[in-house]
Amino acid sequence: MKTIVISNRKGGSAKTTTAVNIASALAKHGSVLLLDFDTQGHACIGVGCEPSEDLGVHSIFTGHTLSETFIPTVHDNLTLSPALAFFDVYEYSDLRGVLKSRFKRESIAEFFDYCVIDTPPTFDALLKNSLEVADAVVIPFVPHHLGVVAVGQMLRAVYQSASLLGREIADVSILPVMYNPHINEHRESLDKVKTSFGAEKLLSPIGVDIKLARQFESGSPIVLDEKRSKGMKDYNQCVKELLERIS
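The model shown is predicted, which means the values in this text are computed figures rather than measured ones.

Participant: Go over the packing of aromatic side chains, please, and point to the residues and values.
Facilitator: Counted under the stated rule, the structure contains 4 aromatic pairs. Ring centres of F87 and Y92 lie 5.4 Å apart, and the angle between their planes is 10 degrees; on these two criteria the pair is classed as stacked. By relative accessible area, which is 32% here, Y92 ends up partly exposed. Feature note: the residues F37, F61, F87 and Y92 constitute an aromatic cluster, connected by ring pairs.

Participant: Quick one: what's the story with the environment of G231, residue by residue and with numbers?
Facilitator: Topologically, G231 is positioned in helix α8 (residues 230–246). Taking the relative accessible area as the measure of exposure, G231 reaches 0% and is therefore buried. G231 sits 171 residues away from I60 along the chain, and the two C-alpha atoms are 34 Å apart. Beyond its immediate chain neighbours, meaning those up to four positions away, G231 contacts D209, L212 and I222.

Participant: Quick one: what's the story with helix α3 (residues 98–105), residue by residue and with numbers?
Facilitator: Along an α-helix, a turn takes 3.6 residues, which lines up residues three or four apart on a common side. If you check which residues of α3 are buried, you get V98, L99, R102 and F103. The buried side chains of α3 occupy one side of the element, clustering within an arc of 140 degrees when seen end-on. Exposed side of α3, more than 90 degrees from the buried face: K104 and R105 are the residues found there. Immediately downstream of α3, the backbone of S107 shows phi near 50 degrees, a positive value.

Participant: An account of the side chain of D38 is needed here, citing residue identities and associated values.
Facilitator: Here D38 is to be found in the loop between β2 (32–36) and α2 (42–46). Other than its neighbours up to four places away in sequence, D38 contacts K15, H58, A83, D118, T119, P120 and P121.

What counts, and at which threshold
Residues numbered from 1 in each chain as written. Predicted model: local features only at pLDDT ≥ 70, side-chain atom pairs only at ≥ 80, totals over all residues. Heavy atoms only, no water. Phe/Tyr/Trp six-rings, centres within 6.5 Å; stacked < 30°, edge-to-face > 60°. Buried < 20%, exposed > 50% of the residue type's maximum accessible area, 1.4 Å probe, protein only. Helix = DSSP H or I, 4+ residues; strand = E, 2+ residues; numbered from the N terminus. Contact = heavy atoms within 4.5 Å. Arc of directions from axis to C-beta.

Set out below in structure tokens:
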């Protein structure tokens, strides 16, 4: 099982949109587990479900198994562990290694080909638990100055965590979202990312498509839409490149 963490500490970076569409596109290639670690629960909504008030992925921190939180989604090959709406990570003093332990004890890798984790925009125990099991990290960012700054901050957090854990993360990718090639600032921001962090880290950009916002109304990811759109094309290309990197 390959585990892909979608993360950016800056809000408004299309992190959840990216998690939902990558997970759904991967479901065309194998069985996928989507973990919604962000208590807002927007990834849940994106795959036709709702955040839970009783049992969700955060319940593993209170003694529950991960598998008992699984629910079906709009795609037969995509299983969701929903967000627990009222979970407060700061109520707990030590949550290290919980997700990694659950993966191992429940042999999660035997049941899924891929796991995608949507993380909250914070550097807390939820992100650290995610990075402990990550094979790849995707950092979506909006191409403007603060977006580039946020990428640098996120990269430092990823590599710092990997160093403390004594492990390497196989692939760290940077994904431009809401990209418009006709806007100078967008093109300049991509150039800054290439110069500062390496062109090899960049995935093909996700362009502007209003359907990406509207997909949450329907509860069906754009990559599953019967009608082709720019957003569908862009995310399918993203997953194609991601699969080449992690396989």
